[in-house]
Structures are given as structure tokens and as C-alpha cells.
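Remarks on the overall topology
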Amino acid sequence: MRNAGEEPVRLPQLKLDELLEELQARLNAARGTRDRVHSLLEAVLSVGRELDLEHVLRRIVEAATVLVDARYGALGVIGPDGRTLSQFLTVGLGDEQIEAIGPYPEGHGILGELIRHPEPLRLTKLSEHPASYGFPPNHPPMNGFLGVPIRVRDEVFGNLYLTEKHGGAEFTDEDESVLSTLAVAAGVAIDNARLYEESTRRERWLRASAQVTTSLMSGSPPADVMVLIAELARDITGAELATFALPLDGGSALTVEVAVGTGADELRGLVLPADGSLVGAAYDGGEPVRGRDVGADARDAAASRGPARSGPAVAVPVTAGEAVRGVLFLLRDSGRPEFSEQETGSLLTFAGQAALALELAERRADAEQLALLEDRDRIARDLHDLAIQRLFATGMTLQSADRFIAHAEASERVRRAVDDLDETIKIIRSAIFGLRSRDTVPQHGLRTRVVQKTGEAGRVLGFAPSLRMEGLLDTQVPRAVAEDATAVLEEALANVARHAHATFVDVSVVNTGEQLVLTVADNGVGISGTGRRSGLRNLAERAEQHGGALGLTTPERGGTVLTWRVPLTG
């Protein structure tokens, strides 16, 4: 209370205004903090709702850009090597901008700084940091930078990168704190999504194994089972291409027997050397081989003869016991995640189903062959013990009766009948010998011959020709046709080596079901109008002997295409 006669205390008006402004600023700051905490909670809830890993990662980077009011945001997933980025998601850049910039970063420069030192990093001027390499062409300018690591349990999963705060402001301590809090929640969400993804994938692998087992038990042909295995593996792993390669010629080469997905038609029948391809490395080593980019992997240079492709790949050996029976190969599109250790382990287990299919098919074929041989032995015994003895007894009876025949013509007929019986006995004995021979179906091995001739030509040419084989070449191609086809291939490759001056040769041998088509294409100087044609005449005559024909064409790009066709039916 104020005493009587005292003057009231009057605060200067200016001081009062300052206090009111300060109070208003504190209220605004409190309101802003409340709103930001509310936004952070909403972001955490939004990220935690998702179970699909791709969606979780997208939600994280979108929420981060909103929380710190950044123009551009990105999330980089660290690859299995722990030094580079295997996946990179961006916010704030349009599709046209991304295409103009070029390939996503791999984790060098300032991005690699967070990989090497997983601690929050805040910069006022991005270009002034010693690790900054600058930007590629067509990249928008960026100055302010804020990066924080995302940890999943004790593992650094990746990093959040934010640049260019709206209005040209700098990122603050509060921005760093909010982003670090979001990164903790993101780690939990990523862990949940990965666990869910793994359990779902494991369930799909179990269903796929059951499907393959059912197919095996129902007696499906091995080729159909291999196609099923390739399709299931491709679907579960999200690959664009799956192939199944089997060894040829003692394992020095492998042929792609099964191919499904993008570019499968060009790869089916392709022959890959065991030395110099990703598939060959898995076959020789007996262990899975992963590639970050199959297009840039020197081990897969041979596969580049097929359609141009790039992206992460894995080659898994199909093993039965200690023997490698083949290789399952999977390829994802460029920019997709690499195949993880968990995926590779599941593939390795699943590939055992393919080995089981091949082994069951061989056991079934062996059992059928054994049954056939036993049946042939039984028939041979019956012919020897019953038919020949009956015929021999009949002949003896006729011979003994001959002396009682007085009519000369009748006696002559009996003697001819005895001679016919002797000849019949000889024929049956020859048939018995053939039945008891274990070499039931002579194997001319056209596939092996083609691989050998192509490999031998590589030493003369100075490079290995590309080779593709399709269809049943060993069982449906007659021996005579196989021998002529081998001779034609050898002569054609020799002509290329002597006259074409080529740097590329493509060989294909295809059984279409109706005809055998042998093609030898090169990029050499082409066929001159002069010179001896006796060699080509010989090739044409070999085709005409079987009702086929020889064709020679010159493509627009140059070189020569020799096509040798022989019908297999009719």
C-alpha cells in the first residue's frame, strides 16, 4: 500500500515496452518449442507406423527436411563394405534434376566424412570443409549443411544429410538436437522394418522350398524345376534377372541353361568361361560371390557379350555334397540395394533345392537306364535260350527229314528253309550281342565339341569368341549332322582367323526342334568379291547332303554372318 501523501511510482514507457516485447518473445519461443516438439512427435509416430523398409527410409528423410526447415534432404545407407553408400534417397530434387546431375554419390567427400566419423556435423559453409570436393555439373548450389548418423542398435546404418535452410539462415544447435532425436527414433523404426522384412522373407523362402519339393516329388522334368527355382529366387529377392548355369567340358565353361526376367532371351544358351566371369568365380570357389555393379566388375567381362546391363548381382553355387553342380545368378537394377549377407545365406540354402533336383533327375535316369539294361538282358536270354534253341531244333528236324523226301524240288525247298533258319539264327545272335552292349546310344557330344572348337579358335584369333547354345544338341541331333556341324564350325572360325581381321566373333548353335542352325558372325572386313570359294562350297555341300543350305550375309555394321541350316525332321 502507498502511504498518504506519497507520489505513485511511474515506470518509463520505453522500459515497459521492452519488458512487454521480451515477454512476447519468450511466449513465441515457448510456442515455437511446443510446436516443434509436437512436430517431432508427429514425425516419430509417422516413421514408426511404417513396416516396409523403403517407405520407412523415405518417411525419415521427408520428416527431417520439415523439422529443420531444409530445402534439400538425403539419406545415405552404408553398404556392406562399411566405406561406401549402397543406397541414396533424396528430397527436394526433381526427377529431371536428378537425371541431369548423374549417378548418385558413393560416399566420398563430405558424405564420406560422416561415414568415417559417425558424429553430428554442422557447417555454415559446406565448401570450406577440407573434405569437400565440390559438386558435379548441374548440381544446385548448397551452403549450410547438417548431418547426423542413424544407428540401429550398435551398427551405423546410414546418415541423414540436410542442406540449405529456407531463408538463408544457418542450422542451429536446436536443429541438430531435433535431428539427432529423430535419428534415434529412425533407428528403432528401421530395426523394426528390417525384422519384419526378414520374417516375411523367411516365410516366403519356406513356401518356395515347399513348392520346389512338391514339384520334385511329382516327377517334374529337371529343366522345369530349374526354371521354377530361378523364378522363385528372382521374385523373392526383387531381382530383374535370374539365370541357372551348368558346367560344360569338365567345368572349363558353363552354359546358361535357364534365364528368366529382363534380357533373358539374349542370355539363354550363352556359354561363359569358368575363368573370367562372376558365375565362374562362384563355380570355382564353391562360395557365393557378390558384385556391387556387375557392369563394372572385371570378373564378369565375359557376360558383357550379352545385353548391356549394370547393377548389384550375386552368384550362388548349387552344391550337392562337395561337388558344385551349377550356379544360380541374380541381378538387380542399377541403383537398387546390394545383396545382403542374409539374402545370400537364404539363397545358398534355397540353391540346395536345385542340387536336389539335379541329383534326383540323375538317379531317376540311372534307374531307368538300369531297368532298360535289365530288360534287354532278359530279352537276350529269352532269345538265346528259347527262340534260338527252337529254331535250331526245327532246322535239325528238317535236315533229318530231307533224306526221306523223294521229290527233288521239295527237297531243295527244305534245304533252302534250313539255310534260312541258319541265317535267322545268325541275325538273332547279332541282335543279342547288340542288346547286351552297354553302349546303348552313342553320344557324339555336340555341345562338348562346339565348346572345344570355339576355345581352340580363341588361341588363333587372339580373343575368345562369344558362344551361345540352345536346345537338345546331344540327343536330338543325328551323329552325321553333328560331325558335319563340327567341321563347318571349325572351317568357319579358321576363315575368320585367316581373312576377316575381326575383333569380335559370335557363335551360336541352336536346335529349334525342326532344324539345327549354326551361326558364325564377325565384325571383320567382310567377304571379298575375288578369291577362292572352295572352302565355302564344301560347307554348302555338307548342308545340302542333309537337305539344308548355307547362307552368307553382310550386315550394315560390317563383317560377315555365316548361317548353316540343316533340317532335323522329315
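Structure shown above.
Residues numbered from 1 in each chain as written. Predicted model: local features only at pLDDT ≥ 70, side-chain atom pairs only at ≥ 80, totals over all residues. Heavy atoms only, no water.

**Things to note about the packing of helix 2 (residues 53-67) against helix 5 (residues 173-217)**
Put simply, helix 2 and helix 5 touch, their axes get as near as 9 Å, and they point 170 degrees apart. With respect to their mutual orientation, helix 2 and helix 5 come out roughly antiparallel. Contacts from Leu-53, Val-56, Leu-57, Ile-60, Ala-63, Ala-64 and Leu-67 of helix 2 reach helix 5 at Val-178, Leu-179, Leu-182, Ala-186, Ala-189, Ile-190, Ala-193, Arg-194 and Glu-197. Looking at the contact of helix 2 with helix 5 residue by residue, the classes come out as 14 nonpolar, no polar and 2 charged. (Axes fitted to C-alpha atoms, helices over the stretch in contact; angles between N-to-C directions. Helix = DSSP H or I, 4+ residues; strand = E, 2+ residues; numbered from the N terminus. Parallel < 35°, antiparallel > 145°, perpendicular 65-115°, else oblique. Contact = heavy atoms within 4.5 Å. Nonpolar A, V, L, I, M, F, W, Y, C, P; charged D, E, K, R; others polar.)

**Remarks on the packing of aromatic side chains**
Enumeration according to the criterion identifies 3 aromatic pairs in this entry. Centroid distance Trp-205 to Phe-350: 5.0 Å. Interplanar angle 50 degrees. Geometry classified as tilted. One end of the pair, Trp-205, is in helix 5; the other, Phe-350, is in helix 9 (residues 341-402), with 145 residues separating them in the sequence. You'll find Trp-205 and Phe-350 in the same group, each marked buried. Taken together, Phe-88, Phe-145 and Tyr-161 form an aromatic cluster joined through their ring pairs. Just above the ring of Phe-339 sits the side chain of Arg-332; from NZ or CZ to the centre is 4.0 Å. (Phe/Tyr/Trp six-rings, centres within 6.5 Å; stacked < 30°, edge-to-face > 60°. Buried < 20%, exposed > 50% of the residue type's maximum accessible area, 1.4 Å probe, protein only. Lys NZ or Arg CZ within 6 Å of the ring centre and 35° of its normal.)

**Things to note about the nonpolar core**
With 34 residues, the main nonpolar core has Met-469, Val-507, Val-509, Leu-516, Val-520 and Trp-564 as its most contacted residues. Taken together, the elements giving at least two residues each to this core come down to helix 11 (446-461), strand 12 (466-470), helix 12 (479-500), strand 13 (505-511), strand 14 (515-522), helix 13 (534-544) and strand 16 (560-567). Ranked by residue count, the leading element in this core is helix 12, at 9 residues. (Core = buried A, V, L, I, M, F, W, Y, C linked by side-chain atoms within 4.5 Å.)

**Points about the layout of surface pockets**
Summary: where empty space remains is shown by rolling a probe the size of a single water molecule over the atoms. The volume enclosed by the largest pocket comes to roughly 1,200 Å³. Lining the largest pocket are 38 residues, with Leu-53, Glu-197, Arg-201, Ser-340 and Glu-343 positioned closest to its centre. Among the elements that take part in the lining of the largest pocket, helix 5 stands out by supplying 9 residues, more than any other. Split into classes, the residues belonging to the lining of the largest pocket amount to 13 nonpolar, 9 polar and 16 charged. (1 Å grid on protein atoms, 1.4 Å probe; cavity = no way out; pocket = protein on both sides within 12 Å on 5 of 7 lines; lining within 4 Å. Points joined across faces, edges and corners; volume = space filled by probe spheres on them.)

**Some details on the environment of Lys-165**
Of note, Lys-165 is situated in strand 5 (residues 155-165). For Lys-165 and Phe-145, which are 20 residues apart along the polypeptide, the C-alpha to C-alpha distance reads 8.4 Å. Ignoring sequence-local partners within four residues, the contact set of Lys-165 consists of Val-68, Asp-69, Ala-70, Glu-170, Phe-171 and Asp-175. Among the polar contacts made by the side chain of Lys-165, one reaches the main-chain carbonyl oxygen of Val-68 at a distance of 2.8 Å. (Polar contact = N/O pair within 3.5 Å; in protein donor to acceptor, adjacent residues only side chain to side chain.)

**Quick look at the pairing of strand 16**
With 6 of 8 residues buried, strand 16 is to be regarded as a mostly interior element. As judged from the 8 bridges shared by strand 14 and strand 16, these two strands associate in the antiparallel manner. Residue pairing for strand 16: Gln-515 is matched across the bridge by Pro-567. A loop of 6 residues connects strand 15 (residues 549-553) with strand 16, the two strands running antiparallel in sequence, and Gly-558 in this loop sits at a positive phi of about 100 degrees. (Pairing = 2+ DSSP bridges.)

**A closer look at the pairing of strand 8 (residues 270-273)**
Two elements, strand 7 (residues 253-261) and strand 8, share 3 bridges in a ladder whose sense is antiparallel. Bridge pairing links Leu-254 to Leu-272 in strand 8. Where strand 8 and strand 12 come together, 2 bridges link them in antiparallel fashion. The residue bridging Leu-270 from the neighbouring strand is Arg-468, located in strand 12.

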